[in-house]
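Single-letter residue listing:
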Amino acid sequence: MAARFRSQAPRVLPTLILAALSSLPERASGQDGIVPDLPVRELTLDNGLRLLILPRPSAPTAAFVVEYAVGGVNETLGTTGTAHLLEHMLFKGTTTVGTRDVETELDLFARMDAAHDSLLAELSAPATDTTRLSALRERVKAYEGQAQTPVVSNEFSRILTRNGARNLNATTSSEATTYFVELPANRAKMWFLLESDRAHNPVFREFYTERDVVMEERRTRVDTNPGGLLHEVHLATAFLMHPYGVPVVGYMSDLERLSRRDVEEYHRRYYGARNAVVAIVGDVAPDSITAWARDYLGDIRSGDPPPPVLAVEPPQRGERRVELVMDAEPQLRVGWHTVSGHHPDSPALTMLASVLAGRRTSRLYRRLVTQDRLAAAVTATTVPGSRFPGQFVVHVTPRAPSTPADIEAALYEEIERLALEPPEQRELRRVRNQLVASGVRRLQSNLGLALQLAGSVTHYGNWRTTFERTALLYNVQPADVQRVVQTYFTRDNRTVATLVKRTGDTDP
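Since we're looking at a predicted model, the values are computed, not measured. (Residues numbered from 1 in each chain as written. Predicted model: local features only at pLDDT ≥ 70, side-chain atom pairs only at ≥ 80, totals over all residues. Heavy atoms only, no water.)

### A few points about the overall build of the protein chain
The helix and strand tally for the protein chain stands at 19 helices and 11 strands. Here the C-alpha radius of gyration of the protein chain, 25 Å, is about what a compact globule of 508 residues would show, namely 23 Å. The dimensions of the protein chain, computed from C-alpha atoms along their principal axes, are 70 × 70 × 35 Å. Buried residues in the protein chain amount to 55% of all 508 residues. Here the analysis covers contacts within the protein chain between residues at least 6 apart in sequence; of these, 82% occur between residues at least 24 apart. Accessible surface, the protein chain as shown: approximately 22400 Å² in total, 51% of it carbon and sulfur. (Helix = DSSP H or I, 4+ residues; strand = E, 2+ residues; numbered from the N terminus. Rg over C-alpha atoms; globule rule 2.2 N^0.38 Å. Buried < 20%, exposed > 50% of the residue type's maximum accessible area, 1.4 Å probe, protein only. Contact = heavy atoms within 4.5 Å. Areas by Shrake-Rupley, 256 points an atom, 1.4 Å probe, with all protein chains shown as cover.)

See the structure below:
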């Protein structure tokens, strides 16, 4: 069996994909020939964990991805940022990795958590005793300092690094949390041992210290970052009910109050096998990988399904505008409510994003950057996820002395042009070629392919779906692009966020 899976070298995969896609006519007749015949072995363990194995023998390396279908949309107000903080905590080790004396640690955890509970109670009191509050903060800090004595910091990461790890990292989005690493292929069993230990025996050590790190990350990426804060304000203005309007990093007031117990409970309930997808791509033997998966991951608890997202964003019935005043150069974000990634209109919106701002040849780049020189940069994309109806957003950085108002006027002219007259077929052909080329580049690495396989299963239930969507892009016609512009890009469906530079005349 292993010999059959070792018949295709990794460099062949992108070539096959490109050949299949480039041979399509202007309108593809179906999915046949679109999805490469990749030798992906799929397995679902008894506990619900889904495993994807794709052998790519050549360089003796492999990429390992674990993705949990739990993210920012599954949190509640008051505990926002839990998934992102948990992402950090799962690098802190286990009962055996990262410690010289776990029993001492656990005893100190109980003491510091009790002090933190008292701190939260004091914060909730009608009249806060600032002296007691300060003393409780110092007590938590003191216990955290004592708990550092038996800690072997970053041992989990160092074990992987000493064994040749590259690209060791993780990311949290609105809809998933993903952990990934590349290793020499002969370290595959070691990866299963470490991942099993991390799933079974996590220890949320250095919790309050790491919570401070996440809070500083929020300050750097959002609170003091003009683009990050404008992004957050724009989403909050566009989504009044749906959790897409809540930042994945969490609100600062929530982060300040998150407890170790909150994060432990979130992990216990939702980081179970039924919510996990493991994708392994590289120079591996599928039979060995399957055996190790059963041995080391087969007894992970199934866990609970992710909390359902029941909120539905009501139709917008008028333009919304918000102004953010900062000591920074102006920026502009304009968004329109659209559809989820599963909707039949999604491919046409993807094509539209490339028509408007995909490359230097795109319409908005030519108009705003090259010809009129109104802007320094422009992007168009759908945010913040794909499971639920999102926003199609155009983000523009004006070039002085032009203003956001100048940009808006030009942007709406280009939108109106597409509403009145569809793009030419040759324009879409150029976009298709660009999309295919970028897709092939992503698949050059084992890690890129493993991330795509895992993400496709998480979001669509099938690893083939992201490949099949390429056929849907080929089926998009000029009239489809015109139709989605006419359907969604209306004034009443529009949300505009403007970053205004603080001046002496700005109201305090």
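Having seen it, we continue.
### Considering the side chain of K92
Position of K92 relative to the elements: it lies in the loop between helix 3 (82-89) and helix 4 (102-124). Those residues in contact with K92 that sit more than four places away from it in its chain are V97, V203, R205, E206 and E210.

### Regarding the packing of aromatic side chains
Tallying each qualifying case throughout the model produces 14 aromatic pairs. Measuring from ring centre to ring centre gives 5.2 Å for Y266 and Y270, while their planes differ by 75°; the resulting arrangement is edge-to-face. Taken together, the positions of Y266 and Y270, both in helix 11 (residues 260-270) and four residues apart, correspond to about one turn of that helix. Accessibility expressed as a relative area gives 8% for Y270, which makes it buried. The structure contains a cluster of three or more aromatic residues connected by ring pairs, namely Y68, F91, F156, Y179 and Y271. The side chain of R198 reaches across the aromatic face of F91, ending 5.2 Å from its centre. Directly above the aromatic system of F109 lies the positively charged group of R260, at a separation of 4.1 Å from the ring centroid. (Phe/Tyr/Trp six-rings, centres within 6.5 Å; stacked < 30°, edge-to-face > 60°. Lys NZ or Arg CZ within 6 Å of the ring centre and 35° of its normal.)

### Looking at unusual backbone geometry
The step from V383 to P384 runs through a cis peptide bond, and the omega angle for that step is -5°. Mapped onto the elements, P384 comes out in the loop between strand 9 (375-383) and strand 10 (391-398). Cis geometry marks the peptide bond from A400 to P401; its omega dihedral reads 10°. Take P401: it is sitting in the loop between strand 10 and helix 15 (404-420). The phi dihedral of N154 falls on the positive side, at around 60°, and the residue is not glycine. Here N154 is to be found in the loop between helix 5 (130-147) and helix 6 (155-162). Unusually for a residue other than glycine, E206 sits at a positive phi of about 55°.

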